Amino acid sequence: MLHADIERLFDENPSQYSDEQRALFQRFKDALNAGEIRAAEPDGASKTGWRVNAWVKKGILLGFRMGTIVDMSIDMSDDAERMPFFDKSTYPLKKFAAASGVRIVPGGSSIRDGCFVGKSVTCMPPMYINVGAYVDAGTMVDSHALVGSCAQIGKKCHISAASQIGGVLEPVGAMPVIIEDEVLVGGNCGVYEGTVLKKRAVLGTGTILNRSTPVYDLVTGDVHTASDDEPLVIPEGAVVVAGSRAISKGRGKDWNLSLYTPVIVKYRDAKTDAKVQLEDLLR
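Residues numbered from 1 in each chain as written. Predicted model: local features only at pLDDT ≥ 70, side-chain atom pairs only at ≥ 80, totals over all residues. Heavy atoms only, no water.

J.: For this particular structure, what's the right way to read the packing of helix α2 (residues 19-33) against helix α3 (residues 54-66)?
T.: For any two helices packed against each other, one specifies the inter-axial angle together with the distance between the axes. As a packed pair, α2 and α3 sit with axes 10 Å apart at the nearest point and diverge in direction by 130 degrees. In terms of axis orientation, α2 runs oblique to α3. Considering the relative orientation of α2 and α3, their crossing is left-handed. Residues Gln21, Arg22, Phe25, Phe28 and Leu32 of α2 touch α3, and the partners they reach there are Trp55, Val56, Gly59, Ile60, Gly63 and Met66. Residue classes in the contact of α2 with α3 are distributed as 7 nonpolar, 3 polar and 1 charged. (Axes fitted to C-alpha atoms, helices over the stretch in contact; angles between N-to-C directions. Helix = DSSP H or I, 4+ residues; strand = E, 2+ residues; numbered from the N terminus. Parallel < 35°, antiparallel > 145°, perpendicular 65-115°, else oblique. Left-handed = near helix turned anticlockwise from the far one by under 90°. Contact = heavy atoms within 4.5 Å. Nonpolar A, V, L, I, M, F, W, Y, C, P; charged D, E, K, R; others polar.)

Below is the structure:
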């Protein structure tokens with residue numbers, strides 16, 4: 001029923017919204033906050049193992065249409081100094097309590113309403129989680145990291161300092177970035193354009209993944225690429241680092257230039273696991 005009602009209201013696109021329609025959106029947002037619905041979910045029948053729920057993205061966009069810009073400024077001291085913030089009324093900060101089981105370390109982090117954040121997630125300041133995101137239990141989102149709109153993060157992942165997990169709302173059928181369970185994303189990494197990182201993958205510091213850059217697998221000899229219909233998929237347990245590939249013709253060759261290329265140098269082993277397990281002490 002919620003699915004059909006959101007689709008109908010999105011298509012109607014009224015100039016004004018009734019109290020009943022606003023209550024419908026609130027039920028939708030409550031379901032997002034509880035993790036009962038999500039912008040993408042596992043699907044064993046899909047090549048990527050995931051499917052997009054376009055109607056959920058429509059519901060999130062509906063909130064932007066419905067909301068008005070309101071004052072969300074924060075009082076800074078007793079003398080009425082304020083830190084000015086102005087945003088859509090439909091997407092205030094997400095509310096937490098100690099019983100939520102989420103560590104939000106003081107220091108300037110923001111988590112927008114309409115996302116799911118699981119038990120034992122650790123948020124190191126400053127970081128940001130956008131609407132529609134799903135961050136599962138035991139994950140750490142480190143300082144200066146971004147989890148973009150609708151991005152899906154699995155259990156016990158580490159999104160290291162200054163890493164960017166790209167978001168996508170439109171087009172509504174586009175796959176968001178997927179980070180499966182126990183993935184380590186190193187510092188200053190960027191994962192964009194619907195890339196899927198399968199379980200236990202590791203990204204070395206500074207690795208950038210998107211639809212336009214192929215990934216060369218030194219172990220299997222495969223070259224992993226995105227297509228018009230499918231995103232880039234990094235295999236389970238792959239260890240990916242930033243590399244380069246020489247330009248083989250033209251001025252690039254004459255000038256001895258190389259282009260950035262992500263490279264799979266190995267698959268996770270006991271030595272890699274030992275390093276990753278040290279992260280558990282921080283949670």
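There is more to say, and it comes next.
J.: When you look at the sheet that holds strand β11 (residues 128-129) in this model, what are you seeing that I'm missing?
T.: The strands that make up a sheet are held in pairs by hydrogen bonds between backbone atoms, and each pair lies either parallel or antiparallel. Pairing is parallel across the open sheet formed by 6 strands, whose spatial order is β8-β11-β14-β17-β20-β23. Of all strands in the sheet, those bounded by a partner on one side alone are β8 (110-111) and β23 (208-209). (Pairing = 2+ DSSP bridges.)

J.: Help me understand the side chain of Asn53, please; the structure alone is not making it clear to me.
T.: By secondary structure assignment, the location of Asn53 is in the loop between β2 (50-52) and α3. Ignoring sequence-local partners within four residues, the contact set of Asn53 consists of Arg38, Ala39, Ala40 and Glu41.

J.: Sorry if this is basic, but what is going on with the layout of surface pockets here?
T.: Picture a little ball the size of a water molecule; that probe, rolled over the atoms, points out where space is still empty. Taken as a whole, the largest pocket holds about 320 Å³ of empty space. Looking at the largest pocket, it is lined by 13 residues, and the ones nearest its centre are Met72, Ile74, Phe85, Leu93 and Ser110. Tallied by class, residues from the lining of the largest pocket come to 9 nonpolar, 2 polar and 2 charged. (1 Å grid on protein atoms, 1.4 Å probe; cavity = no way out; pocket = protein on both sides within 12 Å on 5 of 7 lines; lining within 4 Å. Points joined across faces, edges and corners; volume = space filled by probe spheres on them.)

J.: I'm lost on the pattern of salt bridges in this one. Help?
T.: Pairs can form between side chains of opposite charge whenever their charged atoms are close. For the coordinates displayed, the defined rule picks out 10 salt bridges. In this structure, the salt-bridge partner of Asp87 is Arg112, at a minimum N-O distance of 2.9 Å. One end of the pair, Asp87, is in strand β6 (residues 86-88); the other, Arg112, is in the loop between β8 and β9 (116-117), with 25 residues separating them in the sequence. Since its relative accessible area comes to 12%, Arg112 is described here as buried. Three or more residues joined by partner-sharing salt bridges are found here, namely Glu41, Asp43 and Arg51. (Salt bridge = Lys/Arg side-chain N within 4 Å of Asp/Glu carboxyl O. Buried < 20%, exposed > 50% of the residue type's maximum accessible area, 1.4 Å probe, protein only.)

J.: Before we go on, may I ask you to explain the pairing of strand β27 (residues 238-246) in this structure?
T.: A regular strand places its side chains on the two faces of the sheet in alternate fashion. Where strand β22 (residues 202-203) and β27 come together, 2 bridges link them in parallel fashion. For Val202, the partnering residue across the bridge sits in β27 and is Val239. With 9 bridges connecting them, β27 and strand β28 (residues 258-267) associate as antiparallel partners. From the neighbouring strand, Ser244 faces β28, where its bridge partner is Tyr260.

J.: Even after reading the chapter, I still don't get the environment of Pro214, so can you show me in this structure?
T.: In this fold, Pro214 is placed in the loop between β23 and β24 (215-217). The exposure class assigned to Pro214 is partly exposed, which follows from its relative accessible area of 25%. Considering only alpha carbons, one finds Pro214 and Val117, 97 residues apart in sequence, at a separation of 32 Å. Beyond its immediate sequence surroundings of up to four residues, Pro214 is in contact with Val223, His224, Thr225, Thr261 and Pro262.

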